[in-house]
Amino acid sequence: MVRYAKPRTVDEALGLLADGDWWILAGGTDFYPALGALPLKRDVLDINGLDELDRISATGDGVTFGARASWTRVVRASLPPAFNALKAAAREVGSVQIQNRATVAGNLCNASPAADGVPPLLALDAEVELRSAKTTRRLPLADFVLGNRETARRPDELVTAIHVPRHAVSGRSAFVKLGARRYLVISIAMAAANVEIGADGMIASARIAVGACSPVARRMPALEAALVGRPADASLLDLFDDAHFAGLTPIDDVRGTSGYRHAAAREIVGRALLAAIGANDEGEQAA
Ligand SMILES: Cc1cc2nc3c(=O)[nH]c(=O)nc-3n(C[C@H](O)[C@H](O)[C@H](O)COP(=O)(O)OP(=O)(O)OC[C@H]3O[C@@H](n4cnc5c(N)ncnc54)[C@H](O)[C@@H]3O)c2cc1C
């Protein structure tokens, strides 16, 4: 017989996870499509009773998103401009109804190559907090999402939070999503850019991530390094080189060819970068 549990505390949830193979249910917006019309065969651990995880908080260490924080909560939260890319992504996850239910953590745990939350969180150097009855650990997001639908979560672990460290909370950011239409669409490619501009008008730091162009969204370290120390203006685009995008391995599918995705990724990285420095009005600009 299939079991259903809706614990009220994290400790209670971790106790259940220690003893059995549970399928975790958060907003359900990936869970139910994955189930489809098939009957449930796995025990379900519904985390919607865990009020302690339904928070977004800022401390001296950075910003923490509890695992039940929905995309709507992200949109409405008062957050510095470094989070504008994440907010822009939040507004583009499905529809408002989806955003009201769906969680940021669920987006990461589902580990789709087209998950809109991953690039902005990679560009924020985000870490994923995993708790079991015995341990708590934090993994950089890049070490958490391992492949298409594959994460480093162990069966007895619950993702309890996503942390953005203090060093990533400053700066400005933007997100650009390319889909076959403007809304309610799966990404063909998306890009997030976080930059800090020094008092001298030069790029002091840059973190760029691209999604839907590889099994897991990726940072662009060669491009990031090339941008640092350069004037924060449209001339940044002249630095772009094929080698900066060599890590992308887009596939051909119904939404676009590999070649199209390559070209699109380069274009939207440029647009996100210019939006982050305030040089165009695309994406979500710094306030
Ligand atoms: C109509 C529609 C449109 C969509 N559009 C988009 C879109 O534009 N962009 C996009 O990125 N996504 C989109 N999605 C996918 C989905 O809405 C998001 O990925 C969402 O953020 C998933 O969150 P959830 O809370 O609903 O997760 P759930 O469906 O509850 O869970 C997803 C997976 O993560 C696991 N999980 C959830 N929370 C935890 C946790 N705390 N610890 C461990 N495991 C956990 C679950 O077991 C499950 O395997 C869409 C979905 C629908 C139905």
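Residues numbered from 1 in each chain as written. Predicted model: local features only at pLDDT ≥ 70, side-chain atom pairs only at ≥ 80, totals over all residues. Heavy atoms only, no water.

Trainee: Just give me the short version of the site of the ligand, but keep the residues and values in it.
Mentor: Looking at the ligand, there are 30 residues lining it, with I24, T29, D30, F31 and T103 nearest. Within the side chain of T103, an N or O atom sits 2.6 Å from an oxygen atom of the ligand. For the shell around the ligand, the elements supplying multiple residues, two or more each, are strand 2 (22–25), helix 6 (104–110) and strand 10 (158–165). With four residues, the single largest contributor to the shell around the ligand is helix 6. (Near = heavy atom within 4 Å. Polar contact = N/O pair within 3.5 Å; in protein donor to acceptor, adjacent residues only side chain to side chain. Helix = DSSP H or I, 4+ residues; strand = E, 2+ residues; numbered from the N terminus.)

Trainee: How would you explain the sheet that holds strand 1 (residues 4–5) if you had to name every residue and give the values?
Mentor: Judged by pairing direction, the sheet is parallel, and its three strands sit side by side in the order 1-3-2 without closing on themselves. Each having just a single partner strand, strand 1 and strand 2 make up the two edges of the open sheet. (Pairing = 2+ DSSP bridges.)

Trainee: Could you give me a rundown of the domain arrangement of the protein, with the residues and numbers involved?
Mentor: Interface size is often expressed as the accessible area that is lost when the parts come together. Partitioning the protein into domains gives domain 1 (51–167) and domain 2 (171–281). Tallying the contact residues gives 27 residues for domain 1 and 26 residues for domain 2. Summed over both partners, the interface of domain 1 with domain 2 comes to about 2,000 Å²; 58% of that surface belongs to carbon and sulfur atoms. Taken together, the connections running from domain 1 to domain 2 amount to three salt bridges. Between D116 and K177 there is a salt bridge, with its nearest N and O atoms 2.6 Å apart. Elements with a contribution of two residues or more to the side of domain 1 that touches domain 2: helix 4 (84–91), helix 7 (118–122) and strand 8 (145–147). Looking at the side of domain 1 that touches domain 2 element by element, the count peaks at five residues for helix 4. Counted by class, the side of domain 1 that touches domain 2 contains 17 nonpolar, six polar and four charged residues. (Domains from an automatic or database assignment. Contact = heavy atoms within 4.5 Å. Buried area = accessible area lost by both parts, 1.4 Å probe. Salt bridge = Lys/Arg side-chain N within 4 Å of Asp/Glu carboxyl O. Nonpolar A, V, L, I, M, F, W, Y, C, P; charged D, E, K, R; others polar.)

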